[in-house]
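# Residue-level structure breakdown
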Amino acid sequence: MRIAFVGKGGSGKTTLSALFSRHLARAGAPVLAMDGDINQHLAEALGHHGPPLDAPPLGAHLTAVKDYLRGTNPRIASAEAMIKTTPPGRGSRLLSLLGDDELHARHVRHVGDVPLMVTGEFDESDLGVACYHSKLGAVELYLNHLVDGPGEYVVVDMTAGADAFASGLFTRFDMTFLVAEPTRKGVSVYRQYRDHAREFGIRVAVVGNKVTGEDDLLFLKEEVGDDLLTHLTQSPYVRAAEQGRAQGELEPQNQHALRVLRETVDAHPRDWPRLHRHAVEFHLRNARAWAGEDLATQVDPEFVPGRVPHS
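Quantities reported herein were computed from a predicted structural model and do not represent experimental measurements. Residue numbers run consecutively from 1 along every chain, following the written order of its sequence. Given that this is a predicted model, residues contribute local features only at a pLDDT of at least 70 and side-chain atom pairs are listed and counted only at 80 or more, while totals for whole chains, interfaces and linings are drawn from all residues. No hydrogens and no water enter the side-chain calculation; it runs on all heavy atoms of the structure.

### A closer look at the overall build of the chain
From N to C terminus, the chain includes 10 helices and 8 strands. A radius of gyration in this sense is built from C-alpha atoms; the matching globule rule multiplies 2.2 Å by the number of residues raised to 0.38. Compactness check: the chain gives a C-alpha radius of gyration of 19 Å against a globular reference of 19 Å for 311 residues, within 12% of the reference. Based on the C-alpha atoms only, the size of the chain along its principal axes is roughly 60 × 40 × 40 Å. Within the chain, buried positions represent 55% of all 311 residues. A contact between two residues is defined here by any heavy atoms of the two lying within 4.5 Å. Taking the contacts inside the chain whose residues are at least 6 apart along the sequence as the reference set, 74% of them involve residues at least 24 apart. Only the protein chains shown count as covering a residue, and every accessible area follows the Shrake-Rupley method with a 1.4 Å probe. Carbon and sulfur atoms provide 50% of the accessible area of the chain, an area that totals close to 13,800 Å². Helix and strand assignments follow DSSP, with helices taken as H or I runs no shorter than four residues and strands as E runs no shorter than two, numbered in order from the N terminus. The buried label goes to any residue with under 20% of its type's maximum accessible area, the exposed label to any with over 50%, and the partly exposed label to all in between, with areas taken from a 1.4 Å probe on protein chains only.

In structure tokens:
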């Protein structure tokens, strides 16, 4: 199951991504955390200190990722012909979560008990010539070729705001948790996500964060209504961890909220045909928009990924 954490900058989505990933890992669930934010802080939120992880970022190795995933698919002549929305077909390499393959071996590192994959920072060489979506394309390709099942989890810390709607990446998730502080600015991104997501049947639930009392909770309920799934209170445990002096355990209310998130994800089984249909739809949109590119022929009309990986 694929889970995205989104929200306004500073809402706590990176913290929630880390807390939820650790919650799953400690329960023994197969989980992969992915840092898809332009500000790469998920490793730190998971508890990493010291030099940067030696995990090669996906976005910096996009050509190699494409070349590996296209496999022997006859519809994709080269890595250069493959774009971020190219869907898998017969001959493509499909991935099992944390499988024994060279992509996971190269790009995954552990922070504590949580496997982590990073997209990569927006560096000086990108200035003026690229946007961050070029790096997020690696995440979209990875999810397009991943055959994950119930009880397996990919947790992605996304870019702030409604930026995910600039590509088809937002349709790659089974559940999107929008983290919102109890302020007007905190819930402002919610309406954008709600309206765009409904068009494609994407499930969005609001997770209140940094709630200090009944007034905060009432404000969130008035602003987002039934889309408010649960909330986390202002957390001394999280603040201590952010200051490098983690001690004790997460507060009971906040532990309960994490359990609610997992129960919500588990309650919605994957609809593989719809997931693949969205992938094809956004790829064909690109095919129509990019004149001169014969991208539509990359779609294998007889292929739908299923539970069992293909070779």
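Having seen the structure, we can now continue with the description.
### A few points about helix H7 (residues 214-224)
Burial in H7 covers these residues: Asp216, Leu217, Phe219, Leu220 and Val224. For H7, the arc enclosing every buried residue in end-on projection is 160 degrees, short of the 170-degree limit, so these residues lie on one face. In H7, the exposed residues that point more than 90 degrees away from the buried face are Glu214, Asp215 and Glu222. Elements in contact with the buried residues of H7: strand E6 (175-180), helix H6 (184-199), strand E7 (204-211) and strand E8 (228-233). Count one or two residues on from H7 and you reach Gly225, which has phi positive near 60 degrees. Note that the arc is defined by the directions from the helix axis to the C-beta atoms.

### As for the confidence of the model for the chain
This prediction gives the chain a mean pLDDT of 88; 92% of its residues lie at or above 70. pLDDT gives the predictor's per-residue confidence on a scale running from 0 to 100. In the model, residues 124-132 has pLDDT below 50 throughout and makes 14 contacts with residues more than four positions away in sequence or in other chains. When the criterion is pLDDT under 50, residues 307-311 qualifies, and its contacts beyond four places in sequence or with other chains add up to 14 contacts.

### Notes on the packing of aromatic side chains
Whether two aromatic rings pair depends on their centres lying within 6.5 Å, for rings of Phe, Tyr and Trp, where Trp uses its six-membered ring; planes under 30 degrees apart make the pair stacked, over 60 edge-to-face, and the rest tilted. Enumeration according to the criterion identifies 6 aromatic pairs in this entry. Ring plane angle 45 degrees and centroid distance 5.5 Å describe the contact between Phe5 and Phe177, whose orientation is recorded as tilted. Of this pair, Phe5 sits in strand E1 (residues 2-7) while Phe177 is found in strand E6, placing the two residues 172 residues apart along the sequence. Summarising the burial analysis for this pair, Phe5 and Phe177 share the class buried.

### Describing the pattern of salt bridges
One side-chain nitrogen of Lys or Arg within 4 Å of one carboxyl oxygen of Asp or Glu is enough to make a salt bridge. Taken as a whole, this structure holds 17 salt bridges when the rule is applied. Ionic pairing is found between Arg106 and Glu102, a salt bridge with its closest N-O pair at 3.2 Å. One end of the pair, Arg106, and the other, Glu102, are both in helix H4 (residues 102-107), 4 residues apart, so they sit about a helical turn from each other. Looking at Arg106, the relative accessible area reads 28%, which means it is partly exposed. Ionic pairing is found between Arg239 and Glu242, a salt bridge with its closest N-O pair at 3.7 Å. Pair noted here: Arg239 and Glu242 are both in helix H8 (residues 236-242), with a separation of 3 residues, about one helical turn. In the salt-bridge network here, residues are joined through shared partners; they are Arg2, Asp148, Asp174 and Arg270.

### A few points about the sheet that holds E6
A pair of strands is considered paired only if DSSP assigns at least 2 bridges between the two. Judged by pairing direction, the sheet is mixed, and its 8 strands sit side by side in the order E3-E4-E2-E5-E1-E6-E7-E8 without closing on themselves. Looking at which strands have only one partner, the edges of the open sheet turn out to be strand E3 (109-111) and E8. Each strand of the sheet is rotated relative to its neighbour by a mean of 30 degrees, with strand direction disregarded. In this structure, E1 lies alongside E6, joined through 5 bridges in parallel fashion. Only the contacting stretch of a helix is used when fitting its axis, a line to C-alpha atoms as for every element, and angles between N-to-C directions run 0 to 180 degrees.

### Focus on the side chain of Arg172
Looking at where Arg172 falls in the secondary structure, it is placed in the loop between strand E5 (153-157) and E6. In this tally, Lys and Arg are treated as positive and Asp and Glu as negative; His is ignored, and so are the chain termini. The buried charged residue Arg172 lacks any salt bridge, with Glu140 as its nearest oppositely charged partner at 5.2 Å. Residues in contact with Arg172, not counting those within four places in the same chain, are Arg2, Glu140, Leu143, Asn144, Leu275, His278 and Ala279.

### Some words on the nonpolar core
Here, nonpolar core refers to any group of buried Ala, Val, Leu, Ile, Met, Phe, Trp, Tyr and Cys residues whose side-chain atoms link them within 4.5 Å. Among the nonpolar cores identified, the biggest contains 46 residues, and Met34, Leu69, Leu103, Met117, Tyr142, Leu143 and Leu178 are the most heavily contacted of them. When residues in this core are grouped by element, the largest group, 6 residues, is from helix H5 (residues 133-144). Leave out the neighbours within four places in its chain, and Tyr142 touches Leu32, Met34, Leu69, Leu95, Leu97, Leu103, His104 and Met117. Formed by 34 residues, the second largest nonpolar core is a distinct cluster that contains Leu42, Tyr237, Leu250 and Ala257.

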